[in-house]
Amino acid sequence: YFIPQSRKFLSYLSLGGFAKQLSEEVQTLGLTCEVIDMKEYDPDDRLADECTSRSVCVFIVATYTDGQPTENAEWFCKWLEEASTDFRYGNTYLKGLRYAVFGLGNSVYVGHYNTVGKNVDKWLWMLSGVRIMTRGEGDCNVVKSRNGSVQADFEAWKVKFLNRLQNLVKGDKKSCSGNCKNGGSCKNKRKDGHGQEEEEDAVTRQNDGSEVMDGRLLSHGWCLKLNGVKKVEDEGERREMITPALREALTKQGYKLIGSHSGVKLCRWTKSMLRGRGGCYKHTFYGIESHRCMETTPSLACANKCVFCWRHHTNPVGTEWRWKMDPPEKILQDSLEKHENMIRQFRGVPGVKPERYEEGLAVKHCALSLVGEPIMYPEINTFLRLLHSHRISSFLVTNAQFPQEIRSLVPVTQLYVSVDASTKDSLKKIDRPLFKDFWPRFQDSLRALGEKRQRTVYRLTLVKAWNVEEMQAYSELIALGQPDFIEVKGVTYCGESSASSLTMANVPWHQEVVAFVQQLADMLPQYEIACEHEHSNCLLIAHTKFKVDGEWWTWIDYERFQELVQVHEDSGGQQSFSALDYVAKTPRWALFGAEEQGFDPNDTRFQRRNKTKDISGC
């Protein structure tokens, strides 16, 4: 037996055969099994589910001659390695996952022998997975193979595994003292044929549990479902999204955390407008009062790990809601209270305008763009209705990975999707999405946006040398969703981070952003450049339906919106309204080409010098 030169060949021929053998043997015990190719297995979606689905997972993995996994395990191994060292997942992310590992390798290749199997075992353990038995190893080098061949090695391990499985069925809970995890001795340890220490059928001590109705055996590319296994661990409650490490990191960044998954933070533009130093680009483009805007999120979790994330990737990640959930009423109440408390800290501060301080105590706008993916929160519609019942406008930003949730949204004052790239490759490089089918999700999210009747916006973030050359592709995406507005903003550099390779060289000059926007607008027959906010390095392209008799109406009549949304709610959703029903005229100073370049002349521009810039903001 030898390791073929094709990693795909090794994966399907050897591992597939072993998985099939194991599946057949397990079924003889009266347990049903499911075999799944690991290439089709999404670890982020499914591994956490295995923790509470009464499952047993067996990973049969191989190490190629260069120490790398076979083709169909590459994504799984990459995800598992990142998760094991990413504190956002927490070291209990896979608590309750019962697993076993069998690895194939060739001891001829010194330094690479069975590294994939060892790593998968280690990474699962680091995430608090429960090993139900010793990791098995098959050696393709017949000279050093413990049983004479890799097939014999697997057969020997398979016998042990089936015995262990039968013990689980009978309710046996043989346990390891756990001392070995802390550097102590363990009577169950022994030396294997390659000099490494392993636990002899070690199982972490668990409480008695009820019958498992659906277990699972997962191999390198295969998943086997089991029935009738005695449960090793009780199904626990859903865990909290904010772990102690996350709470510490986010609190240091100035977040006021709410419950177990929400947060609020004071935007720098709120502080600026309190002092009369100018508002954010939303003030210029849409007429919000920045000192009366609350930036919050009901979900700190996100399905992307964007390279330009100004939160330095300290927020949790995930593709679905699997945490404890706080009620929307409590989230809104605490958000308003914490925001008001932060505003009150500006009482008597030199430069703060008294009238704006008093206005700032009453929130009028809510930017759901603080961090994470607010649309992931299962009660997002209730939260939006609560905002509107308090006559607070809603600006919701989504990362375009949840199309069905976009379609089911109730009316929002203004709904954004982040369009950070226009091709599949560049989107994967910039947003680093967790979904394997991120591109179809992205495209469908744009279609879902196009179905909305209220105001919609594409938010384009330009990253120099990464996504500024894709002009034609951008125009095609705009045709797909037909947004009312397109915001184009140069990326903000947030400092060095181990999670991103972004540097100041990737930040475009304002003139470069203007040139990009002019070129893009020329390709869009129904769009023109409407507004500019030079201080934010941002421009607005608007659909010409908002240009009436040669004048732009990009601002929002917020009182009119509240009236319309109330009628909509009172009619049970039967009485709809459109973006043109609550427009207001854009002032001259906010228009593109104006001398003020988007800075409100009622305020005084303040030039900060030789100080670290606060990059937080909506």
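Residues numbered from 1 in each chain as written. Predicted model: local features only at pLDDT ≥ 70, side-chain atom pairs only at ≥ 80, totals over all residues. Heavy atoms only, no water.

We count it as follows: UniProt positions are given in the numbering used here, feature names are shortened, and annotations may be inferred rather than shown by experiment.
With an unreviewed UniProt entry as reference, the protein chain is termed S-adenosyl-L-methionine-dependent tRNA 4-demethylwyosine synthase TYW1, source organism Sphaeramia orbicularis. For the protein chain, the Catalytic activity (unreviewed entry) comment in UniProt is given as "N(1)-methylguanosine(37) in tRNA(Phe) + pyruvate + S-adenosyl-L-methionine = 4-demethylwyosine(37) in tRNA(Phe) + 5'-deoxyadenosine + L-methionine + CO2 + H2O". The record held by UniProt for the protein chain lists under Cofactor (unreviewed entry) the comment "[4Fe-4S] cluster".

## Section: the overall build of the protein chain
Worth spelling out the cut-off: Strands here mean DSSP runs of E at least two residues long; helices mean DSSP runs of H or I at least four residues long; both are numbered from the N terminus. Accessibility here uses a 1.4 Å probe with only protein chains present; expressed as a share of the type maximum, an area under 20% marks a residue as buried, one over 50% as exposed, and anything in between as partly exposed. Note on contacts: a residue pair is in contact if any heavy atoms of the two residues lie within 4.5 Å. The accessible surface values rely on the Shrake-Rupley method and a 1.4 Å probe; as for residues, cover is taken only from the protein chains in view.
When helices and strands are tallied, the protein chain shows 17 helices and 22 strands. Here the protein chain, with 618 residues, has 58% of them falling under the buried criterion. In the protein chain, 76% of the contacts between residues at least 6 apart in sequence involve partners at least 24 apart. Carbon and sulfur atoms make up 48% of the accessible area of the protein chain, which amounts to about 25700 Å² in all.

## Quick word on the environment of Ala301
Mapped onto the elements of the fold, Ala301 is located in the loop between β11 (293–297) and α9 (328–344). Residues Ala301 and Val371 lie 70 residues apart in sequence; the distance between their C-alpha atoms is 7.8 Å.

## What to know about the environment of Phe577
Inspection of the secondary structure puts Phe577 in the loop between α17 (558–570) and β22 (583–584). Residue Phe577 is classed as buried on the basis of its relative accessible area of 2%. Along the backbone, Phe577 and Val565 are twelve residues apart, and their C-alpha atoms lie at a distance of 8.1 Å. Every residue in contact with Phe577, bar those within four places of it in the chain, is listed here: Pro411, Arg453, Gln454, Phe561, Leu564, Val565, His568 and Tyr582.

## Quick notes on the pairing of strand β15 (residues 455–462)
Looking down a regular strand, the side chains alternate between one sheet face and the other. Applicable threshold: Paired strands are those between which DSSP finds at least two bridges.
Here β15 lies mainly inside the structure; eight of its eight residues are buried. With five bridges connecting them, strand β14 (residues 414–418) and β15 associate as parallel partners. In the strand pairing of β15, Leu415 is matched with Thr456.

## Details of the side chain of Thr297
The cut-off we apply is this: Here a polar contact is recorded for every N or O atom pair within 3.5 Å, except that within protein the pair must consist of a potential hydrogen donor and a potential acceptor, and residues adjacent in sequence are included only if both atoms are side-chain atoms.
Within the secondary structure layout, Thr297 lies in strand β11. Within the structure, the side chain of Thr297 is placed 2.9 Å from the backbone oxygen of Ser299, a separation counted as a polar contact. Contacts of Thr297, omitting those with residues within four sequence positions, involve Ser262, Gly263, Leu368, Leu370, Val371 and Pro374.

## Some remarks on helix α4 (residues 115–126)
Filter applied, for reference: To estimate the expected span of a helix, subtract one from its residue number and multiply by 1.5 Å.
An ideal rise of 1.5 Å per residue puts 16 Å on twelve residues; α4 measures up with 16 Å between its terminal C-alpha atoms. Taken together, the buried positions of α4 are occupied by Thr115, Val116, Gly117, Val120, Asp121, Trp123 and Leu124. For α4, the elements touching its buried residues are β1 (56–62), α3 (74–85), β2 (98–105) and β3 (130–131).

## Thoughts on the pairing of strand β17 (residues 527–533)
For β17, the tally of buried residues reaches six of seven residues, placing the bulk of the element in the interior. Count of turn residues in the β17/strand β18 (residues 538–543) antiparallel hairpin: four residues, of which Asn537 carries a positive phi of about 55°.

## Quick look at the sheet that holds β14
Put simply, the test is: Each axis is a line fitted through C-alpha atoms, and for a helix only the stretch in contact is used; angles between axes span 0 to 180 degrees, taken between their N-to-C directions.
Strand order across the open sheet formed by ten strands is β9-β10-β11-β12-β13-β14-β15-β16-β18-β17, with mixed pairing between neighbours. Edge positions in the open sheet fall to β9 (256–258) and β17, since each of these has one partner strand only. The mean angle between the axes of side-by-side strands here comes to 25°, regardless of whether they run parallel or antiparallel. In terms of strand pairing, β17 meets β18 through six bridges, oriented antiparallel. From the neighbouring strand, Glu532 faces β18, where its bridge partner is Leu539. The strands that helix α11 (residues 380–389) touches are β12 (365–368) and β13 (393–398); relative to β13, the one it contacts most, it runs at about 150°.

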